[in-house]
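# What the coordinates show
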Amino acid sequence: MKTLDMRKSVSELVAEYPEVKNIMKELGFDQITSPIALKFMGKTMTIPKGAAVKGIPMEKITKAFEAYGFAVTGLAEEAKNAQEDLGKASRLQTYLQRLAKGEDPEKVRADFAKEFSSVSVHDIVRAEQDLIQQGTPATEVQKLCDLHSALFHGRTEAEVWKEEEKELQAKKGSEAEAGKAVNSTNGLEEGHPVATLKLENTGLLKVLDRTDADLKAGDGRAVQQDLAELRKVKTLYSRKEQLIMPLLSQMGISGPSDVMWGVDDEIKQTVSALSENVTADSLQEMAGDVTALTKRMREMIYKEENILFPMALEKFSEEQWAGIYQDLPEMGTSFVDAYPVWPRGEELLKKIRKEQAAKEEEILQNGVLHFGESQGTLTFSQLQALMDLLPIDITFIDENNINRFFTNKGRVFSRPASALNREVFLCHPAAIRPIVKKLLDDFRSGRRDSMEVWTPNKETPTRVQYLAVRNAEGKYLGCVELVERFPKDMGKHFAK
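Residues numbered from 1 in each chain as written. Predicted model: local features only at pLDDT ≥ 70, side-chain atom pairs only at ≥ 80, totals over all residues. Heavy atoms only, no water.

Remark: a regular strand shows side chains that alternate across the two faces of the sheet. Strand direction decides the pairing type here: strand β7 (residues 450–454) and strand β8 (residues 462–470), joined by five bridges, are antiparallel. Following the sheet pairing, S450 is matched in β8 by L467. When β8 meets strand β9 (residues 476–485), the two strands line up antiparallel, connected through nine bridges. The residue bridging V464 from the neighbouring strand is V483, located in β9. (Pairing = 2+ DSSP bridges. Helix = DSSP H or I, 4+ residues; strand = E, 2+ residues; numbered from the N terminus.)

Right, here's the structure in full:
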């Protein structure tokens, strides 16, 4: 008889017994059995946990597998873990409900810290992920972020995550691996993307320290200058939002990313508003808002370095880190002058580029594009040169909403190469994704064929056009985004 260990992940069970996939589909597990879900989310999801989320009785599941000749083991232990995870998500939901009803946040924070003082940081992250998978909007879950600090900092702050990693690995009986996990964000080679992002955070902390000191001294003019510099967090945050969070989401770990991205947006909006309104005269009145902002930005550094970065280090391959390393300069620096070279990344990129060059050479030698008698032909190299010459940014999203192509000569917006072959929704914060989806759905259905947006900046007016791409028969092929920056005197367009 075949043995089905319920403590194993869905991906492991399907690899061991391919028929498990069809049995799960019959039981109602449609989402987890898709190829993409199995590749990413299936690596961490167990059958009992999936059953708890979907409300499918384990007795029904056990009988179904036994009918197919399986002996089910490890059920009691894993079912208990799954119910505990579900319970944590349910308990977190009560805190969201209390916040939504307008209860004093400080009272909610105090109760949160008391109830979850013995709960793993990993457990809380998983519970938030479960909330999102159950349908709770990420914009709601992000309200829990401010409660985290009451719990995390009430313990051993930066050591919490590392200590838990060590305990988890020790349970698996591997002290060597535990040591590796503990040092997951320490001892990295200079130039590694995480080491570089931590350098940026060190630079940001210096500005935050200066801001707090100027605030204490009551120097309004200095605080105004500090806030202007803190606006650089927009580009700093965009690195994790564009290069790290989408990869985690592809792997089925969307909760922490979606929540953190939402908090990032709130911080950026607050920095912008304060930098425009704090003056020498208004400092005393707005000092509390500035203090709250610097505290929140410090919290974000903590969450990045103790949750986001270790999670990414655990999940990403060397090749993926090399891609992130390649894209970092594209987005510019924020709080450091320049990024150091990563020797290992350079080796990997050299290998990757060599392989790509071989493929491109074959295309260049053999590729001739025929556009019909009325338009003629172009070689692939000619078309590539023409596209590179155009003074606008062009992005093409195919009929499946995947980023397939871009040119970025105008460099109006950053376009990391890692965004290619990725769902376009992953390049936007959770709050914006429904808007992007609605536009693409309208293009696909034929309800509309175009949309034009002008950025609200009269100094450098920028036009963004979205156009539906269809073939001669009218079939939808995708969407093209055209971004073009105009001279200052084009600001009259904003009057429209």
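Here the focus is the sheet that holds β8. Reading across the sheet, the five strands line up as β6-β5-β9-β8-β7 and stay open at both edges, with antiparallel pairing between neighbours. Of all strands in the sheet, those bounded by a partner on one side alone are β6 (403–408) and β7. In this sheet, neighbouring strand axes are inclined to one another by 10° on average, regardless of whether the strands run parallel or antiparallel. In this sheet, β6 lies alongside strand β5 (residues 393–398) in antiparallel orientation, the contact comprising five bridges. The residue bridging D393 from the neighbouring strand is N408, located in β6. In this fold helix α21 (residues 433–445) packs onto β7, β8 and β9, with an angle of close to 40° to the strand it touches most, β8. (Axes fitted to C-alpha atoms, helices over the stretch in contact; angles between N-to-C directions. Contact = heavy atoms within 4.5 Å.)

Before going further, it helps to examine the confidence of the model for the chain. The share of residues in the chain with pLDDT of 70 or more is 75%, and the mean pLDDT across the chain is 79. For the chain, helix α12 (residues 175–182) is the element with the lowest average pLDDT, namely 36, and helix α13 (residues 193–217) is the one with the highest, namely 94. This model gives residues 153–162 a pLDDT under 50, and the stretch forms 27 contacts once residues within four places in sequence are excluded. Here residues 174–185 is a poorly scored stretch, pLDDT under 50, and it has 19 contacts once near neighbours within four places are set aside; other chains count. (pLDDT = per-residue confidence, 0-100.)

Among the six residues that make up β5, five are buried, leaving the element largely enclosed by the rest of the structure. Linking two consecutive strands that pair antiparallel, namely β5 and β6, is a turn of four residues; a positive phi of about 70° is found at N401 within it. One ladder, built from six bridges, connects β5 with β9; its direction is antiparallel. Counterpart to F396 in the pairing with β9 is V480. (Buried < 20%, exposed > 50% of the residue type's maximum accessible area, 1.4 Å probe, protein only.)

Before going further, it helps to examine the pattern of salt bridges. Counting across every chain of the model gives 24 salt bridges. Of the charged contacts, one joins D265 and K268 as a salt bridge, the two residues approaching to 3.2 Å between their closest N and O atoms. Of this pair, D265 and K268 both sit in helix α16 (residues 255–277), separated by three residues, roughly a single helical turn. Classification of D265 as buried rests on a relative accessible area of 19%. Between R470 and D449 there is a salt bridge; the shortest N-O distance is 2.8 Å. Here R470, found in strand β8, pairs with D449, found in the loop between α21 and β7; they are 21 residues apart in sequence, far enough to count as distant. Looking at D449, the relative accessible area reads 45%, which means it is partly exposed. One connected set of salt bridges, linked through shared partners, spans D209, D212 and R298. (Salt bridge = Lys/Arg side-chain N within 4 Å of Asp/Glu carboxyl O.)

Once that is clear, we can look at the packing of aromatic side chains. Using the criterion set out here, one finds four aromatic pairs in the structure. Note on Y17 and F70: the rings are 5.1 Å apart at their centroids and 80° apart in plane angle, and the pair reads as edge-to-face. Highlighted residues: Y17 in the loop between α1 (10–16) and α2 (19–27) and F70 in strand β2 (residues 70–73), separated in sequence by 53 residues. The same class applies to Y17 and to F70, which are both buried. Taking 5.8 Å as the distance between ring centres and 85° as the angle between the ring planes, the aromatic pair formed by F65 and F70 counts as edge-to-face. (Phe/Tyr/Trp six-rings, centres within 6.5 Å; stacked < 30°, edge-to-face > 60°.)

This brings us to helix α15 (residues 233–250). Taking 1.5 Å of rise per residue, the 18 residues of α15 would be expected to cover 26 Å, and the 25 Å separating its terminal C-alpha atoms lies within 8% of that figure. The largest bend along α15 reaches roughly 35° and is located at I244, with the proline P246 sitting one to four residues downstream. Where α15 terminates, the next one or two residues include G252, which has phi positive at roughly 85°. (Expected span 1.5 Å × (residues − 1). Bend = angle between axes of the 7 residues up to and from the residue.)

At their nearest, the axes of α15 and helix α18 (residues 318–327) sit 10 Å apart, and the two run at 155° to each other. When the axes of α15 and α18 are compared, the pair comes out roughly antiparallel. Pair α15 / α18 crosses with right-handed handedness. Where α15 approaches α18, its residues L243, I244 and L247 are matched on the opposing element by Q320, W321, I324 and D327. For the contact of α15 with α18, the per-class residue count stands at five nonpolar, one polar and one charged. (Parallel < 35°, antiparallel > 145°, perpendicular 65-115°, else oblique. Left-handed = near helix turned anticlockwise from the far one by under 90°. Nonpolar A, V, L, I, M, F, W, Y, C, P; charged D, E, K, R; others polar.)

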